[in-house]
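Close look at the chain arrangement
As a plain string of letters, each chain reads:
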Amino acid sequence: MPTLATREPGGAPGAERLRALLLSAEQDWSPSAEVLLHFAARAEHVARTIAPALAAGTWVVCDRFYDSTMAYQGYGQGADRAMIATLSGLIGLRPDLTIVFDIDPAIGRARLLARDIVADRYERLDAAFHARVAAGFRVIAAAEPERCVVIDASASEQDVARQVADAIADRFALPTEAP
């Protein structure tokens, strides 16, 4: 089965331009403006990348989608969660499976620093922000267990990959393969 790996914000030319704005430390957006920019990028991504791929029979694996906006902007930054939920419904696309990587923010931060990459605007936010985001993802997953699978991401890379492969195989009745 053909598979497309993509990401948000981004995943289409216009959405990548919005990604650059959102991840830059040059602008401090109001919560509503930031939510709307994420959804503008998402609408472009869905229209230009995801929907055509799905129509062609391609499996789409997306690094982040509307749950991330709810967790980061809604829970992390205190943006209007009802607005985010409404906009999520307007996108017209619901993931078949959402994998939530649950990790203590301190461990996640240490792993980020070990990768020796430049931290974006969100990655530079404080521990309290990241704790609210992590808690938000857990609330989202608990509210939709038929769609969401929580993976213990504090485990080794190999164990996390195995958990992901098992979750996918389980959800789509596929044979389990060792990663």
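Now for a look at the structure at hand. These numbers were taken from a predicted model, which means no experiment stands behind them. (Residues numbered from 1 in each chain as written. Predicted model: local features only at pLDDT ≥ 70, side-chain atom pairs only at ≥ 80, totals over all residues. Heavy atoms only, no water.)

**Structural notes on the packing of helix H3 (residues 66-76) against helix H4 (residues 81-90)**
At their nearest, the axes of H3 and H4 sit 10 Å apart, and the two run at 165 degrees to each other. By the angle class used here, H3 and H4 are roughly antiparallel. Considering the relative orientation of H3 and H4, their crossing is right-handed. Between H3 and H4, the residues in contact are Tyr 66, Thr 69, Met 70, Gln 73, Gly 74 and Tyr 75 and Arg 81, Ile 84, Ala 85 and Ser 88, respectively. (Axes fitted to C-alpha atoms, helices over the stretch in contact; angles between N-to-C directions. Helix = DSSP H or I, 4+ residues; strand = E, 2+ residues; numbered from the N terminus. Parallel < 35°, antiparallel > 145°, perpendicular 65-115°, else oblique. Left-handed = near helix turned anticlockwise from the far one by under 90°. Contact = heavy atoms within 4.5 Å.)

**As for the environment of Ile 99**
Considering the arrangement of structural elements, one finds Ile 99 in strand E3 (residues 98-102). For the pair Ile 99 and Arg 64, spaced 35 residues apart in the sequence, the C-alpha separation amounts to 9.4 Å. If sequence neighbours within four positions are ignored, Ile 99 has contacts with Val 149, Ile 151, Val 164 and Ile 168.

**So, the packing of helix H2 (residues 31-55) against H4**
Closest axis-to-axis distance for the H2/H4 pair is 11 Å, and the angle between their directions is 15 degrees. Regarding the angle of H2 to H4, the classification is roughly parallel. Relative to H4, the crossing made by H2 is right-handed. Residues Ser 32, Val 35, Leu 36 and Phe 39 of H2 form the contact with H4, whose participating residues are Met 83, Ile 84, Leu 87 and Ser 88.

**Focus on the packing of aromatic side chains**
Evaluation of the coordinates by the stated rule reveals 5 aromatic pairs. Plain terms: the ring middles of Phe 65 and Tyr 66 are 5.2 Å apart, the flat faces sit at 45 degrees to each other, and that makes the pair tilted. Each member of the pair Phe 65 and Tyr 66 is classed as buried. With 5.7 Å between their ring centres and 70 degrees between their planes, Tyr 72 and Tyr 122 make a pair best called edge-to-face. Residue Tyr 72 is located in helix H3, and its partner Tyr 122 is located in the loop between helix H5 (105-114) and helix H6 (127-143); the two are separated by 50 residues in the primary sequence. Assessed through its relative accessible area of 7%, Tyr 122 is described here as buried. (Phe/Tyr/Trp six-rings, centres within 6.5 Å; stacked < 30°, edge-to-face > 60°. Buried < 20%, exposed > 50% of the residue type's maximum accessible area, 1.4 Å probe, protein only.)

**What about unusual backbone geometry?**
Most of the time, phi is negative for any residue but glycine, and the peptide bond is trans. Cis rather than trans, the peptide bond between Glu 8 and Pro 9 has omega equal to -10 degrees. Counting through the fold element by element, Pro 9 comes out in the loop between strand E1 (3-7) and helix H1 (13-23). Positive phi values are uncommon outside glycine, yet Arg 64 reaches one of about 85 degrees. Take Arg 64: its relative accessible area is 36%, and that puts it in the partly exposed class. Phi is positive for Ala 173, close to 50 degrees, though the residue is something other than glycine. Relative to the assigned elements, Ala 173 resides in the segment after helix H7 (157-172).

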